[in-house]
Amino acid sequence: MRPNLRKLSSKKIYIIRHGQTDFNLQGIVQGSGVDSSLNATGIAQAKAFFEAYKAVPFDQLYTSALRRTKETVSEFIQMGIPFEQLPGLNEISWGTNEGQKITPDEDAYYQWMLKEWQTGNTSLRIKGGESPDEVASRQLKVIDKINQHRPGENVLISMHGRAMRILLCQLLNYPLKSMDMFDHANLCLYLLEFTGTMFSVKKFCDTDHLKNITLPRTSTETQSILSRT
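Not measured: the values here are computed from a predicted model. (Residues numbered from 1 in each chain as written. Predicted model: local features only at pLDDT ≥ 70, side-chain atom pairs only at ≥ 80, totals over all residues. Heavy atoms only, no water.)

Comments concerning the sheet that holds strand S1 (residues 11-17)
Strand pairing in a sheet relies on backbone hydrogen bonds. The paired strands run either parallel or antiparallel. Here 6 strands make up an open sheet; going across it, the order is S3-S2-S4-S1-S5-S6 and the pairing mixed. Of all the strands in the sheet, the pair left with one neighbour each is strand S3 (83-85) and strand S6 (199-206). Averaged over neighbouring strand pairs, the angle between their axes works out to 15° when direction is ignored. Relative to S1, helix H7 (residues 161-172) is tilted by about 160°, and along the sheet it contacts S1, strand S4 (153-159), strand S5 (189-194) and S6. (Pairing = 2+ DSSP bridges. Helix = DSSP H or I, 4+ residues; strand = E, 2+ residues; numbered from the N terminus. Axes fitted to C-alpha atoms, helices over the stretch in contact; angles between N-to-C directions. Contact = heavy atoms within 4.5 Å.)

Concerning the packing of aromatic side chains
Scanning all chains against the criterion turns up 14 aromatic pairs. Seen in terms of ring centroids, phenylalanine 49 and tyrosine 53 are 4.7 Å apart; in terms of plane orientation they differ by 25°. Their pairing is stacked. Of this pair, phenylalanine 49 and tyrosine 53 both sit in helix H2 (residues 40-53), 4 residues apart, which is roughly one turn of the helix. Pair check on accessibility: phenylalanine 49 and tyrosine 53 agree, each one buried. An aromatic cluster is defined as three or more aromatic residues linked by ring pairs; in this entry it consists of Tyr14, Phe49, Phe50, Tyr53, Phe58 and Phe76. Positioned above the aromatic ring of tyrosine 109 is the side chain of lysine 127, whose terminal nitrogen or guanidinium carbon lies 5.6 Å from the ring centre. (Phe/Tyr/Trp six-rings, centres within 6.5 Å; stacked < 30°, edge-to-face > 60°. Buried < 20%, exposed > 50% of the residue type's maximum accessible area, 1.4 Å probe, protein only. Lys NZ or Arg CZ within 6 Å of the ring centre and 35° of its normal.)

Details of the nonpolar core
A general feature of soluble globular proteins is that nonpolar side chains tend to end up buried together. By size, the foremost hydrophobic cluster in this structure holds 39 residues, and its most contacted members are Ile15 and Ile157. Taken together, the elements giving at least two residues each to this core come down to S1, helix H5 (104-118), helix H6 (132-147), S4, H7, S5 and S6. Among the elements that take part in this core, H7 stands out by supplying 8 residues, more than any other. For isoleucine 157, the residues in contact, after removing those within four places along its chain, are Ile13, Tyr14, Ile15, Ile16, Tyr62, Leu89, Ile146 and Leu167. With 17 residues, the next largest nonpolar core counts Ala48, Phe50, Leu187 and Leu191 among its residues. (Core = buried A, V, L, I, M, F, W, Y, C linked by side-chain atoms within 4.5 Å.)

Things to note about the pattern of salt bridges
A side chain with one charge may pair with a side chain of the opposite charge, provided their charged atoms come close. A full pass over the atoms with the stated rule returns 11 salt bridges. The residue glutamate 51 makes a salt bridge to lysine 54 at a minimum N-O spacing of 2.9 Å. Among the residues examined, glutamate 51 registers a relative accessible area of 38% and is labelled partly exposed. (Salt bridge = Lys/Arg side-chain N within 4 Å of Asp/Glu carboxyl O.)

Structural data, given as structure tokens:
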């Protein structure tokens, strides 16, 4: 069931993906069942985002229940911005593959699953995990929280890649089968503005705030892993 977005008041929603973790680099599936911390690069990314956006008068900060999202916005929390952890923002559960290194067989299964979701079969559940429909359902409570904010307020949300794609579909009224149209990277930003009738995207997978950070070179395979974990 879709939320009634017409009830939302004018506001800006800043949605970021967490910074990099060692599990990202090691090609280990994280999902909702692996509670990893940021590595040195992730901490640098978080610092760069803070420096770029610390002047924004955020009224509320939400993270998932996993530490990597809280660590990503720790400096905003230290500023005294009202803060709440919401399990509804947790990453999709990747099931039996969580905590395991990605193998060719697992990657083939993942690519098959993506194709099924892209055809509209978003009720299909990862083996031992969740389906996009199930993630969307638990995100409705998050959207209810967003509904409660007054006109002109700024909300910062720190979350995860696949869950971010699902939330963007819900807020922008796209079918879940379209979720892969929303690119993401560690510490990317989506800025949405709601003006009374609908959301519009003001920044799409923006990483300009990271331009002065020197990141380690990664192979094409590692880049694919980074987008999944």
